[in-house]
Amino acid sequence: MKDLIEYLVKALVDEPAEVAITEVSGDDSTTFEVHVAPSDLGKVIGKQGRIANALRTVAKAVAMKEKRKVYMEIVA
C-alpha cells in the first residue's frame, strides 16, 4: 500500500526526491503521512481537494481487501 501511494504521489509532483511517506499503524487502522516539498503541496491537494480525495479513495479501495481502515494526511 505504501509503495502504491508513493508511486502515485511521485507522478504528481515536480520534486519526487522530496516525497516521503510515514506509516503509523494502529489497532485496526493505518495512517499514512505523505510529506512533500512546500512547492508541490498544491499539486498533491488539487483544486478543492479533488486529487487528495482521489488518492484517499484509491487507498481505501486497496485497504478494503485487507479489511483495514486507512487514513492519509498530506504534510508539507
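Just so we're clear, the structure is a prediction, and the values are computed from it rather than from any experiment.

1. Considerations on the pairing of strand β2 (residues 29–35)
The element β2 is largely enclosed, with a buried count of five among its seven residues. Relative to β2, strand β1 (residues 20–25) runs antiparallel, the two sharing six bridges. Across the sheet, residue Ala-20 finds its bridge partner in β2, namely His-35.

2. A few points about the environment of Pro-16
Among the structural elements, Pro-16 can be located in the loop between α1 (2–12) and β1. Residue classification places Pro-16 among the partly exposed residues on the basis of a relative accessible area of 36%. Separated by 20 residues in sequence, Pro-16 and Val-36 have C-alpha atoms that sit 8.2 Å apart.

3. Points about the side chain of Thr-31
Note on placement: Thr-31 falls in strand β2. Look at Thr-31 and you get buried, because its relative accessible area is 17%.

4. A short note on the environment of Lys-60
Looking at where Lys-60 falls in the secondary structure, it is placed in helix α3 (residues 50–66). Take Lys-60: its relative accessible area is 45%, and that puts it in the partly exposed class. Remark: the alpha-carbon pair of Lys-60 and Val-70, spanning 10 residues in sequence, is separated by 5.9 Å.

5. Re unusual backbone geometry
Backbone geometry places Gln-48, a non-glycine residue, at a positive phi of 55 degrees. Topologically, Gln-48 is positioned in the loop between α2 (41–45) and α3. According to the relative accessible area criterion, Gln-48 is exposed, its value standing at 72%. In this model, Lys-67 sits at a positive phi of 55 degrees, which is unusual for a non-glycine residue.

6. Some thoughts on the sheet that holds strand β3 (residues 69–75)
Here three strands make up an open sheet; going across it, the order is β1-β2-β3 and the pairing mixed. At either end of the open sheet lies a strand with only one pairing partner, and these are β1 and β3. Put simply, the sheet's adjacent strands are angled 20 degrees from each other on average, direction ignored.

7. Quick look at the pattern of salt bridges
Under the defined criterion, the tally for this structure stands at three salt bridges. The partner of Asp-14 in a salt bridge is Lys-43, and the shortest N-O contact between them spans 2.1 Å. Of this pair, Asp-14 sits in the loop between α1 and β1 while Lys-43 is found in helix α2, placing the two residues 29 residues apart along the sequence. You can call Asp-14 exposed: its relative accessible area is 56%. For the salt bridge of Asp-40 with Lys-43, the shortest nitrogen-to-oxygen distance reads 3.9 Å.

Reading the values: the criteria
- Residues numbered from 1 in each chain as written.
- Predicted model: local features only at pLDDT ≥ 70, side-chain atom pairs only at ≥ 80, totals over all residues.
- Heavy atoms only, no water.
- Buried < 20%, exposed > 50% of the residue type's maximum accessible area, 1.4 Å probe, protein only.
- Helix = DSSP H or I, 4+ residues; strand = E, 2+ residues; numbered from the N terminus.
- Pairing = 2+ DSSP bridges.
- Axes fitted to C-alpha atoms, helices over the stretch in contact; angles between N-to-C directions.
- Salt bridge = Lys/Arg side-chain N within 4 Å of Asp/Glu carboxyl O.

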